[in-house]
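# Structural description and commentary
For reference, the chains in residue letters:
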Amino acid sequence: MSVIRPLNLADLETLIAVQREGAVASLGHIFPQKTHPFPEHQVREGWKREIADPDVDCFVINDAGRVAGFAATRADELLHFGTAVSTWGTGLAGLAHTELLEHLRAKGHREIFLRVFDENTRATRFYLRRGWVRTDETTRTTFPPHPTLRRYEQRLP
């Protein structure tokens, strides 16, 4: 049974709530909420652009019929990925990750990449356990205080 399905605009407010909660819990040390609160408006507008973009595949991660996460791919990139805090440790993220890699493989990609904040140790552990390889390539996010994003790569069979 699939845990991902296409994202639509009707899902957006619930998705934003899930993303905000996860971002505050996992990235609050990178983006202190008093000085750099979750940029809800920019995130919402970004999702609207990506939903409308034919080159971006946007997904909801389902848990018992409710929106429990989000993901997006663009070409060979895992662009966004996250699950609700209440699902952390349940295996839902692993199931969704497997489906997303299958989606990328079905699109013909054999070498894929993603970017993760260097200081997001929870995410980096998750990806390393699933075969992603850390590279030396870094960029800075557009969101203040502009922390470092690191590129990870994976070769699909």
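Attention here is on the structure that accompanies the text. Worth saying up front: this structure is predicted, and the values here are computed from it rather than measured.

What counts and what doesn't
Residues numbered from 1 in each chain as written. Predicted model: local features only at pLDDT ≥ 70, side-chain atom pairs only at ≥ 80, totals over all residues. Heavy atoms only, no water. Salt bridge = Lys/Arg side-chain N within 4 Å of Asp/Glu carboxyl O. Helix = DSSP H or I, 4+ residues; strand = E, 2+ residues; numbered from the N terminus. Buried < 20%, exposed > 50% of the residue type's maximum accessible area, 1.4 Å probe, protein only. Expected span 1.5 Å × (residues − 1). Arc of directions from axis to C-beta. Contact = heavy atoms within 4.5 Å. Pairing = 2+ DSSP bridges. Axes fitted to C-alpha atoms, helices over the stretch in contact; angles between N-to-C directions. Core = buried A, V, L, I, M, F, W, Y, C linked by side-chain atoms within 4.5 Å. Phe/Tyr/Trp six-rings, centres within 6.5 Å; stacked < 30°, edge-to-face > 60°. Lys NZ or Arg CZ within 6 Å of the ring centre and 35° of its normal.

### Things to note about the pattern of salt bridges
Summed over all chains, the structure comprises 14 salt bridges. The partner of glutamate 45 in a salt bridge is lysine 48, with the nearest N and O atoms 3.4 Å apart. A residue pair is termed a helical-turn pair when its members lie 3 or 4 positions apart in one helix, as glutamate 45 and lysine 48 do in helix 2 (residues 40-52) at three residues. Note that glutamate 77 is salt-bridged to arginine 74, the shortest N-O span being 3.1 Å. Under the relative-accessibility criterion, glutamate 77 is labelled buried at 6%. The network of salt bridges with common partners includes Glu13, Arg20, Glu40 and Arg44.

### Some remarks on helix 1 (residues 12-27)
The end-to-end C-alpha distance of helix 1 is 21 Å, a good match for the 22 Å that 16 residues give at a rise of 1.5 Å each. Leu12, Leu15, Ile16, Val18, Gln19, Gly22, Ala23, Ser26 and Leu27 are the residues of helix 1 that are buried. End-on view of helix 1: buried residues confined to an arc of 165°, all on one side of the axis. On its buried side, helix 1 packs onto helix 2, strand 3 (66-74), strand 4 (77-83) and strand 5 (111-117).

### Considerations on the sheet that holds strand 6 (residues 133-140)
Strand order in this open sheet of seven strands is 1-2-3-4-5-7-6, and the pairing throughout is mixed. Of all the strands in the sheet, just strand 1 (4-6) and strand 6 have a single pairing partner and so form its edges. Across this sheet, the average inter-strand angle for adjacent strands is 30°, counted without regard to direction. Pairing of strand 3 with strand 4 involves six bridges; the strand directions are antiparallel. Directly across from phenylalanine 70, in strand 4, lies its bridge partner glycine 82. Contacts between helix 2 and the sheet are confined to strand 2 (56-63), strand 3 and strand 4, with strand 2 contributing the most and set at about 115° to the helix. Along the sheet, helix 3 (residues 92-106) contacts strand 1, strand 2, strand 3, strand 4, strand 5 and strand 7 (148-155); its crossing angle with strand 2, the most-contacted strand, is approximately 150°.

### Side note on helix 4 (residues 121-129)
An α-helical turn contains 3.6 residues, so a residue and the one three or four places further along point in the same direction. Every buried residue belonging to helix 4 is among Ala123, Thr124, Phe126 and Tyr127, and all of these are buried. Down the axis of helix 4, the smallest arc covering the buried residues is 160°, so these residues share one side. Buried residues along helix 4 sit in contact with strand 4, helix 3, strand 5 and strand 7. One or two positions beyond helix 4, positive phi appears at glycine 131, with a value near 90°.

### With respect to the nonpolar core
Core analysis: the largest hydrophobic core is formed by 25 residues, its most contacted members being Ile4, Leu78, Phe81, Leu100, Leu114, Tyr127 and Trp132. A total of six residues in this core trace back to one element, the largest contributor, which is helix 3. Apart from the residues within four sequence positions on either side, tyrosine 127 is in contact with Leu78, Phe81, His97, Leu114, Val116 and Trp132. By size, the runner-up hydrophobic cluster in this structure holds 20 residues, among which are Leu15, Phe31, Val60 and Val67.

### Considering the packing of aromatic side chains
Counted under the stated rule, the structure contains six aromatic pairs. Here the aromatic residues Phe81, Phe126, Tyr127 and Trp132 are joined through ring pairs into a cluster of three or more. Over the face of the ring belonging to phenylalanine 113 we find arginine 151, whose NZ or CZ atom lies 3.9 Å from the ring centre.

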